[in-house]
Amino acid sequence: MIKNVHGNTVDYLGSAIVAGRFGASGAMPPEPMLCEELGVSRTVIRESVKSLVAKGLIQTGPKVGTRVRPSSQWNWFDPDVIGWQAKAGLTPEFIRDLQDLRMIMEPAAIRLAAQRASEQDISEIEQAYAGMVDAVENGGDYVRFDLLFHQGMIRASHNRMLEKMDQALGALLRTSFEISTVKKNGPRDSLPMHRAVLDALIAHDADRAEDAIILLIEDAHKDMAQVLKARRRTPLVRARATPPRRAAHAA
C-alpha cells in the first residue's frame, strides 16, 4: 500500500518515537524544525501530530509543548504502533505481555468455541488449517493462514466482545506468529498442535480444546524466546525510518 505524504510523515515520526529518538517523555522538535527536516508543510506536521496523539504516543499542551508519552500509555492494539515497535526491536517484556494476553484470552475463547461453534465455523477453521499445511508443504504465506485459524477460533466463540477484541489483537497475533515461525521447522512442528485444537473443536470437547490451545501458546512462547535469545532482540528489521519524500510542502 502506497502512503501519501501525511502517512509517510506519521510513519517516520512514529518510528522515531518508538525507537527512542526523542527519549522517554522527551520533547518533540518544534514545528519549523520538523518541517525543515522532513520537507513538508506545517499542515502535514500538525495533522501527523494529531494522528500520533490518537495513537497515544504523544501529548500536546500550551505549556508542555509536544512530548512523548510513557510507553505504558501507548495504544498497543494499534497496528502501526506494533509495526514500529517490531522495527525498533521487541523486548522480552513485550513478548511476556503478549504471552500473558494470549493466555488470558485464547483459552477462554476456545472453551466457548467448543460449545458454540457451528458447522460453518469449523469449516472455516479447517480451511485455514489446510492453508497452513499447504504453506508448509509447498511454500506460501503460513502466517496468514495461522492468523485466520486463530481468528476463526475466536469468532467461533460467538461472543461479540471477544470478536471486537480480536480485531484489535490482529497485529499483535501476527507479530507473534512472524517471530515464532522464524525458528527452523517451527511451522511444521506446530501443525500437530493446531490439529489437536481443531480436533477438539470438531468433537466439541471444551476441556481438551483448552488444554490444546495452552500447549500451543506455550510452545510458541518458547520459540519466540529462542529467537530473541539467538538474535538478542528480534529477527525483524531494525532500521531508522526514512524521511518522507519532499513534496513541495504538500498539505
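About the criteria used
Residues numbered from 1 in each chain as written. Predicted model: local features only at pLDDT ≥ 70, side-chain atom pairs only at ≥ 80, totals over all residues. Heavy atoms only, no water. Helix = DSSP H or I, 4+ residues; strand = E, 2+ residues; numbered from the N terminus. Buried < 20%, exposed > 50% of the residue type's maximum accessible area, 1.4 Å probe, protein only. Contact = heavy atoms within 4.5 Å. Areas by Shrake-Rupley, 256 points an atom, 1.4 Å probe, with all protein chains shown as cover. Lys, Arg positive; Asp, Glu negative; His and termini not counted. Charge placed at Lys NZ, Arg CZ, Asp CG, Glu CD. Core = buried A, V, L, I, M, F, W, Y, C linked by side-chain atoms within 4.5 Å. pLDDT = per-residue confidence, 0-100. Polar contact = N/O pair within 3.5 Å; in protein donor to acceptor, adjacent residues only side chain to side chain. Salt bridge = Lys/Arg side-chain N within 4 Å of Asp/Glu carboxyl O. Expected span 1.5 Å × (residues − 1). Pairing = 2+ DSSP bridges. Axes fitted to C-alpha atoms, helices over the stretch in contact; angles between N-to-C directions. Parallel < 35°, antiparallel > 145°, perpendicular 65-115°, else oblique. Left-handed = near helix turned anticlockwise from the far one by under 90°. Nonpolar A, V, L, I, M, F, W, Y, C, P; charged D, E, K, R; others polar.

A few points about the overall build of the protein chain
Secondary structure assignment for the protein chain yields ten helices and two strands. With the principal axes as the frame, the protein chain shows a C-alpha extent of 65 × 35 × 30 Å. A burial count over the protein chain gives 45% of its 251 residues as buried. Pairs at least 24 apart in sequence give 74% of the contacts found in the protein chain among residues at least 6 apart. Summed over all atoms, the accessible surface of the protein chain reaches about 13,100 Å², with 52% contributed by carbon and sulfur. The centroid of the 33 positive side-chain charges in the protein chain is displaced by 10 Å from the centroid of its 31 negative side-chain charges.

A closer look at the nonpolar core
Counting residues in hydrophobic clusters, the biggest one holds 45 residues, and the most contacted among them are I95, I110, F149, V197, L201 and I213. Those elements that place two or more of their residues in this core are α4 (79–88), α5 (92–116), α6 (119–138), α7 (142–155), α8 (160–180), α9 (186–202) and α10 (206–231). The residues touching I95, leaving out its near neighbours within four places in the chain, are L90, I179, H221, M224 and L228. In terms of nonpolar packing, the next biggest core, distinct from the first, is built from 24 residues, L34, L38, I58 and A88 among them.

Comments concerning the confidence of the model for the protein chain
Residues shown with low pLDDT carry predicted positions that ought not to be read at fine detail. Counting all residues, the mean pLDDT for the protein chain is 87, and 90% of those residues have values of 70 or more. For the protein chain, per-element mean pLDDT is lowest for α8, which scores 83, and highest for α6, which scores 97. In this model, residues 233–241 is a region of pLDDT below 50 whose contacts with residues beyond four sequence positions or in other chains number 28 contacts. Of the regions scoring below 50 in pLDDT, residues 246–251 engages in 14 contacts with residues more than four places distant in sequence or in other chains.

Points about α4
What α4 keeps buried is the set V81, I82, W84, Q85, A86 and A88. Where α4 is buried, its residues contact α1 (5–18), α3 (42–54), α5 and α8. The opening residue of α4 is D78, an N-cap whose side-chain oxygen sits 2.8 Å from the backbone nitrogen of D80. Count one or two residues on from α4 and you reach G89, which has phi positive near 120 degrees.

So, the environment of L90
Structurally, the position occupied by L90 is in the loop between α4 and α5. The class of L90 is buried, set by a relative accessible area of 0%. In the structure, L90 is positioned 89 residues away from I179 in sequence and 9.9 Å away in space, judged by C-alpha atoms.

Structural notes on the pattern of salt bridges
Taken as a whole and judged by the stated rule, the model has 17 salt bridges. Salt-bridge contacts for D80 lead to K55; the nearest nitrogen and oxygen are separated by 2.9 Å. With a gap of 25 residues between them, D80 in helix α4 and K55 in the loop between α3 and β1 (58–61) connect regions that are remote in the sequence. Note on D80: relative accessible area 32%, which makes it partly exposed. Since its relative accessible area comes to 12%, K55 is described here as buried. The residue E137 makes a salt bridge to R188 at a minimum N-O spacing of 3.2 Å. A residue pair is termed long-range when its members are at least 10 positions apart, and E137 in helix α6 and R188 in helix α9 qualify at 51 residues.

Section: α6
The end-to-end C-alpha distance of α6, which contains 20 residues, comes to 28 Å, matching closely the 28 Å that a straight helix rising 1.5 Å per residue would cover. For α6, the complete set of buried residues consists of D121, I122, I125, A128, Y129, G131, M132, A135 and V136. Where α6 is buried, its residues touch α5, α7 and α9. G139, located one to two residues past α6, shows a positive phi value of around 90 degrees.

Observations regarding the pairing of β1
For β1 and strand β2 (residues 65–68), the ladder comprises four bridges, and the chain directions are antiparallel. Within β2, the residue paired with G61 across the bridge is G65. Hairpin remark: β1 followed by β2, antiparallel, with three residues in the connecting loop.

Overview of the packing of α7 against α8
Put simply, α7 and α8 touch, their axes get as near as 10 Å, and they point 155 degrees apart. Comparing their axes, α8 and α7 come out roughly antiparallel. Crossing hand, α7 versus α8: right-handed. Contacts from V143, R144, D146, L147, H150, Q151, I154 and R155 of α7 reach α8 at L162, E163, D166, G170, L173, R174, F177 and E178. Tallied by class, the residues present in the contact of α7 with α8 amount to six nonpolar, three polar and seven charged.

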